[in-house]
Amino acid sequence: MNNFLYIFFLLSLCAIIFIVKYYRQVLLFFLPQTKGLRILMYHRIANDKTKLCVTPEMFEKHLQYLKQNYNVINFWELYKNPNEINDNSVIITFDDGYLDNYTNALPLLKKYNLPATVFLVTDLIGKTNEWDAGDLKLLAITEIFEMLKHNISFGIHSTKHFNYSKLTDEEIIKDIKLCFEKLDEYNIPYIKALAYPFGALRKDKKLLSKTCELLKNAGVDFGLLIKSKINKLPIKE
């Protein structure tokens, strides 16, 4: 009996460790006592078994849950009414700007009347994911302007999906300015928000602080990393 209890305890402990390690983001999201702004990151919405892909069926379930339990807001609201955003707010985002954001995600977002923000790789608009296999189409100008009509906003994700943690500050700032210039060239309205490619920036705190200040001076209002955390309100500079 003692051996059975010991084995049961070890198995339970292993299960808890596994859940906390691999599903921490999910646990944090659904904890009712945790307050603040949640920003959800998606990449692709398609029937594909790749790592960064969510099926349309699963995405619709996510939207149903969000619609029923959260206040889903557009990124623009961080500019317009930053002090009026409540602790039950969520922002839906997509990195890279894959074509399936238009073909598969947009119809569902329209169905539930929910906003979202897409972070574009600005030099690859209308092309493919050249930083990876290069076999997936990205949003073109036509799709972007159609999405703008349905409460979808756009931010930047570098010009060519560069890993900013491997660039100098000068290279990062130059890339940021080129992103804004490209969107201005296309007359695409955009929020001055940057989703860091690969979720990466400086690891050294002193260098990170300096880079963040430079980004702010370059016109970036919001920077998004990949972290298992909920943003406290009001949003600090």
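All of these numbers come straight from a predicted model, not from anything done at the bench. (Residues numbered from 1 in each chain as written. Predicted model: local features only at pLDDT ≥ 70, side-chain atom pairs only at ≥ 80, totals over all residues. Heavy atoms only, no water.)

Each helix and strand in the chain was counted, giving eight helices and nine strands. Buried residues in the chain amount to 41% of all 237 residues. (Helix = DSSP H or I, 4+ residues; strand = E, 2+ residues; numbered from the N terminus. Buried < 20%, exposed > 50% of the residue type's maximum accessible area, 1.4 Å probe, protein only.)

Turning our eyes to something else, we now look at helix α5 (residues 100–111). One full turn of an α-helix is made of 3.6 residues, so residues set three or four places apart face in the same direction. Helix length check: α5 (twelve residues) gives 16 Å between terminal C-alpha atoms against 16 Å at 1.5 Å per residue, within 8%. All buried positions along α5 are accounted for by Asp100, Asn101, Ala105, Leu106, Leu108 and Leu109. Considered in projection along α5, the buried side chains sweep an arc of 165° and stay on one side of the axis. Looking at the buried positions of α5, the neighbouring elements they touch are β2 (44–45), α3 (56–69), β5 (89–96), β6 (116–120), α6 (141–148) and β7 (152–156). (Expected span 1.5 Å × (residues − 1). Arc of directions from axis to C-beta. Contact = heavy atoms within 4.5 Å.)

So, on to helix α7 (residues 169–185). Helix length check: α7 (17 residues) gives 24 Å between terminal C-alpha atoms against 24 Å at 1.5 Å per residue, within 8%. Taken residue by residue, α7 has Asp169, Ile172, Ile173, Asp175, Ile176, Cys179, Phe180 and Leu183 as its buried positions. End-on view of α7: buried residues confined to an arc of 160°, all on one side of the axis. Seen from the buried face of α7, the exposed residues on the opposite side, beyond 90 degrees, are Glu170, Lys174 and Glu185. Among the residues trailing α7, Asn187 stands out with phi positive, at a value near 60°.

Structurally, the position occupied by Ile226 is in the segment after β9 (222–224). In sequence terms Ile226 and Ala200 are 26 residues apart; their C-alpha atoms lie 7.8 Å from each other. If near-sequence neighbours (up to four positions away) are discounted, Ile226 is found in contact with Met41, Phe198 and Gly199.

Let us now look at the pattern of salt bridges. In this structure the tally under the stated criterion is five salt bridges. The residue Asp48 makes a salt bridge to Arg44 at a minimum N-O spacing of 2.9 Å. For Glu60, the salt bridge goes to Lys111, with nearest N and O atoms at 2.6 Å. In this pair, Glu60 sits in helix α3 while Lys111 sits in helix α5, placing the two residues 51 residues apart along the sequence. (Salt bridge = Lys/Arg side-chain N within 4 Å of Asp/Glu carboxyl O.)

Glancing now at the nonpolar core. In terms of nonpolar packing, the biggest core is built from 44 residues, with Phe59, Leu63, Ile92, Phe94, Leu109, Ile176 and Leu215 touching the most fellow members. Broken down by secondary-structure element, the contributors of at least two residues to this core are β1 (38–42), α3, β5, α5, β6, α6, β7 and α7. For this core, the element with the highest residue contribution is α7, accounting for six residues. Discounting chain neighbours no more than four positions away, the residues touching Phe59 are Tyr42, Ile45, Val54, Phe94, Ala105, Leu108 and Leu109. (Core = buried A, V, L, I, M, F, W, Y, C linked by side-chain atoms within 4.5 Å.)

What follows covers the packing of aromatic side chains. In this structure the tally under the stated criterion is ten aromatic pairs. A ring pair is formed by Tyr42 and Phe59, whose centres lie 5.0 Å apart and whose planes are at 85°; its orientation type is edge-to-face. Taken as a pair, Tyr42 in strand β1 and Phe59 in helix α3 lie far apart in primary sequence, 17 residues in all. We classify Tyr42 as buried; its relative accessible area is 8%. Taking 6.3 Å as the distance between ring centres and 55° as the angle between the ring planes, the aromatic pair formed by Tyr98 and Trp131 counts as tilted. Highlighted residues: Tyr98 in the loop between β5 and α5 and Trp131 in the loop between β6 and α6, separated in sequence by 33 residues. Here Tyr98 falls in the buried class, since its relative accessible area comes to 5%. In this structure, Arg44 is placed above the aromatic ring of Tyr98, and the distance from its NZ or CZ to the ring centre is 5.9 Å. Lying across the ring of Phe180, Lys192 places its NZ or CZ 5.9 Å from the centre. (Phe/Tyr/Trp six-rings, centres within 6.5 Å; stacked < 30°, edge-to-face > 60°. Lys NZ or Arg CZ within 6 Å of the ring centre and 35° of its normal.)

So, on to the side chain of Asp100. Considering the arrangement of structural elements, one finds Asp100 in helix α5. Taking the relative accessible area as the measure of exposure, Asp100 reaches 9% and is therefore buried. Here the side chain of Asp100 touches Arg44 through a polar contact of 2.9 Å, side chain to side chain. Here Asn101 takes part through its side chain, which lies 3.3 Å from a polar atom of the side chain of Asp100. Apart from residues lying up to four places away in sequence, Asp100 is in contact with His43, Arg44, Ile45, Ala46 and Ala105. (Polar contact = N/O pair within 3.5 Å; in protein donor to acceptor, adjacent residues only side chain to side chain.)

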